[in-house]
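Chain by chain, the residues run as shown.
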Amino acid sequence: CRDKEIEFLRTLNADALIVGQPGIGKTYLLTELARITNAKFLLTSDPEAAVTAITAACPEIVIIDDAWARFEVVKRLCHARMMHKLRFRIVAVCWPFEKEDVEQALRISSGNVLELEELPRKEIAAIIKEVAAGRKLIPNDAFIRIASKQARGRPGLAVSFTLATIVSSGDGLLSGDVLLRTLGGF
């Protein structure tokens, strides 16, 4: 359901910023981008290790999740790119309240900011069916209605609900326990 966004990121010839709430589909979008391009996730907060890894791997795109927590890495990568004439784009990810800080740190123009919106309930229902089908299950209409309502337009949350319910039970979804476990880390 994010084909338009993937195409935007794939064809953009500059740094980009992806902004969205938890569960909106940022990780899925980036995983798909990495699958179809030469993109690599940067998983370190050590600026020197980041530069070493990028120099060795030579990716086309460097994905920095939780960029607000890695400002020093972002600054060091931008500096190394300029000084050593490295050719990679940065795709940074943050939550809405961090947008302005990350946008300024990367000097990203507003045209290169992708704010992920909630998906319509019909698309959330299709995602729930697809996840269940991957486990060789067919969800009933009541489950689809409840899960898509609780997901509130967030595909990542819909996937979490569906998988958690398959592993546990539908009672956990109805009571809200699945939601509490899913969001517990936040």
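Scope of this entry: the structure provided in the associated data block.

Calculation criteria
- Residues numbered from 1 in each chain as written.
- Predicted model: local features only at pLDDT ≥ 70, side-chain atom pairs only at ≥ 80, totals over all residues.
- Heavy atoms only, no water.
- Helix = DSSP H or I, 4+ residues; strand = E, 2+ residues; numbered from the N terminus.
- Buried < 20%, exposed > 50% of the residue type's maximum accessible area, 1.4 Å probe, protein only.
- Contact = heavy atoms within 4.5 Å.
- Areas by Shrake-Rupley, 256 points an atom, 1.4 Å probe, with all protein chains shown as cover.
- Lys, Arg positive; Asp, Glu negative; His and termini not counted.
- Charge placed at Lys NZ, Arg CZ, Asp CG, Glu CD.
- Pairing = 2+ DSSP bridges.
- Core = buried A, V, L, I, M, F, W, Y, C linked by side-chain atoms within 4.5 Å.
- Phe/Tyr/Trp six-rings, centres within 6.5 Å; stacked < 30°, edge-to-face > 60°.
- Lys NZ or Arg CZ within 6 Å of the ring centre and 35° of its normal.
- Axes fitted to C-alpha atoms, helices over the stretch in contact; angles between N-to-C directions.

## Comments concerning the overall build of the chain
Within the chain, the secondary structure is distributed over 10 helices and five strands. Projected onto its principal axes, the C-alpha positions of the chain cover 60 × 30 × 30 Å. The proportion of buried residues among the 186 residues of the chain is 42%. Long-range pairs, those at least 24 residues apart, make up 68% of the contacts in the chain between residues at least 6 apart in sequence. Total accessible area computed for the chain in this model is approximately 10600 Å², and 54% of it derives from carbon and sulfur atoms. Treating the 25 positive side-chain charges of the chain as one cloud and the 23 negative ones as another, the clouds have centres 3 Å apart.

## Thoughts on the pairing of strand 4 (residues 89-94)
Within strand 4, six of the six residues are buried, which leaves the element mostly enclosed by the surrounding structure. Bridge count between strand 1 (residues 16-19) and strand 4: four bridges; the pairing is parallel. Each bridged residue has a counterpart across the sheet, and for Ala16 the counterpart in strand 4 is Val91.

## Things to note about the nonpolar core
Leu17, Leu42, Ile64 and Leu77 are the most contacted members of the largest nonpolar core, which totals 21 residues. If you list the elements that add at least two residues to this core, you get strand 1, helix 3 (47-57), strand 3 (61-64), helix 4 (71-84), strand 4 and helix 5 (99-106). No other element matches helix 4, which puts four residues into this core. In contact with Ile64, other than residues within four places in its own chain, are Leu42, Arg70, Val74, Leu77, Ile90, Val91, Ala92 and Val93.

## Considerations on unusual backbone geometry
Phi at Cys58 takes a positive value of approximately 50 degrees, unusual for a residue other than glycine. Relative to the elements of secondary structure, Cys58 occurs in the loop between helix 3 and strand 3. Residue Cys58 is classed as exposed on the basis of its relative accessible area, which comes to 55%. If you check the backbone angles, Lys136 has positive phi at about 60 degrees while not being a glycine. Position of Lys136 relative to the elements: it lies in the loop between helix 6 (121-134) and helix 7 (141-151). Look at Lys136 and you get exposed, because its relative accessible area is 77%.

## Details of the packing of aromatic side chains
Per the stated rule, a full pass over the model turns up one aromatic pair. With a centroid separation of 5.9 Å and 75 degrees between ring planes, the pair formed by Trp95 and Phe97 is classed as edge-to-face. Given a relative accessible area of 64%, Phe97 falls into the exposed group. Its guanidinium or amino end placed over the ring of Phe88, Arg81 lies 5.3 Å from that ring's centre, counting from NZ or CZ.

## Some thoughts on the side chain of Thr162
Inspection of the secondary structure puts Thr162 in helix 8 (residues 155-167). When sequence neighbours within four positions are dropped, the list of residues in contact with Thr162 reads Ile128, Val131, Ala132 and Phe143.

## Digging into the sheet that holds strand 5 (residues 113-115)
Reading across the sheet, the five strands line up as 2-3-4-1-5 and stay open at both edges, with parallel pairing between neighbours. Each end of this open sheet is capped by a strand with a single partner; those strands are strand 2 (39-41) and strand 5. Mean inter-strand twist for the sheet, computed between neighbouring axes without regard to direction, equals 20 degrees. The pairing of strand 3 with strand 4 spans four bridges and is classified as parallel. Bridging across to strand 4, Val62 finds its partner in Ile90. With respect to the sheet, helix 4 is in contact with strand 3 and strand 4, its orientation differing from that of strand 4 by roughly 170 degrees.

Limitation: the analysis is restricted to geometry and does not speak to function.
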